[in-house]
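The primary structure of each chain is shown beneath.
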Amino acid sequence: MKDEATYVGEPIAMVVASSRRLAEDALTSIVFDIEPLPAVTDPLAGLEPGAPKARMDCPDNLVAWQSIDYGNIEGAFAKAAHRIKEHYRLHKGGGHSIETRGIAVRPDPIDETLTIYANTQMPHRAKQILVAALGPP
């Protein structure tokens, strides 16, 4: 059981059933008791001390830092005919209506395998999650 849902479209429940009818019936027994937390909507403001946490397990909202430098940047700017300083803000990407969430599974009782059909952009991570949840080798 997780204590926190962190983004729209995050998987937070799973139903495993031997038929669609049983799966749909099982869906009605799922209940969530969720309370909203303060949101982080600006990445720079989210790095300020005391900012709301994007995830409770990330103490300062900084997940990674990567710097890529090529050549003498300061020298190139000093020689440039024109310099423009601007702040750009991009929208947040996410799983939207065109990216449905669903998995179909076909068990094979003869060789005891599962064939899993999942629409995901991260199939290896999905496999990791399913193995951890279901326990097969």
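Computed from a predicted structure; not experimentally measured. (Residues numbered from 1 in each chain as written. Predicted model: local features only at pLDDT ≥ 70, side-chain atom pairs only at ≥ 80, totals over all residues. Heavy atoms only, no water.)

## Structural notes on the confidence of the model for the protein
Turning to step 1, where the next piece is worked out: When pLDDT is averaged along the protein, the result is 85, and 91% of the positions lie at 70 or above.
Turning to step 2, where the next piece is worked out: Across the protein, the secondary-structure element scoring lowest on mean pLDDT is helix α3 (residues 123-134), at 86, and the one scoring highest is helix α1 (residues 20-27), at 93. (pLDDT = per-residue confidence, 0-100. Helix = DSSP H or I, 4+ residues; strand = E, 2+ residues; numbered from the N terminus.)

## Re unusual backbone geometry
Turning to step 1, where the next piece is worked out: One non-glycine residue, Asn 61, lies in the positive phi region at around 65°.
Turning to step 2, where the next piece is worked out: Relative to the helices and strands, Asn 61 is located in the loop between α1 and α2 (73-79).
Turning to step 3, where the next piece is worked out: Phi is positive for Glu 112, which is not a glycine, with a value near 55°.
Turning to step 4, where the next piece is worked out: Position of Glu 112 among the secondary structure elements: in the loop between β1 (103-108) and β2 (113-118).
Turning to step 5, where the next piece is worked out: The exposure class of Glu 112 is exposed, given its relative accessible area of 72%. (Buried < 20%, exposed > 50% of the residue type's maximum accessible area, 1.4 Å probe, protein only.)

## Thoughts on the pattern of salt bridges
When the charged atoms of two side chains with opposite charge come close together, those side chains can pair.
Turning to step 1, where the next piece is worked out: Taken as a whole and judged by the stated rule, the model has three salt bridges.
Turning to step 2, where the next piece is worked out: Between Arg 21 and Asp 25 there is a salt bridge whose closest N-O contact spans 3.7 Å. Here Asp 25 and Arg 21 lie together in helix α1, a separation of four residues that amounts to about one turn.
Turning to step 3, where the next piece is worked out: Residue classification places Arg 21 among the exposed positions, given a relative accessible area of 55%.
Turning to step 4, where the next piece is worked out: Between Arg 55 and Asp 57 there is a salt bridge, and its shortest N-O distance comes to 3.0 Å. (Salt bridge = Lys/Arg side-chain N within 4 Å of Asp/Glu carboxyl O.)

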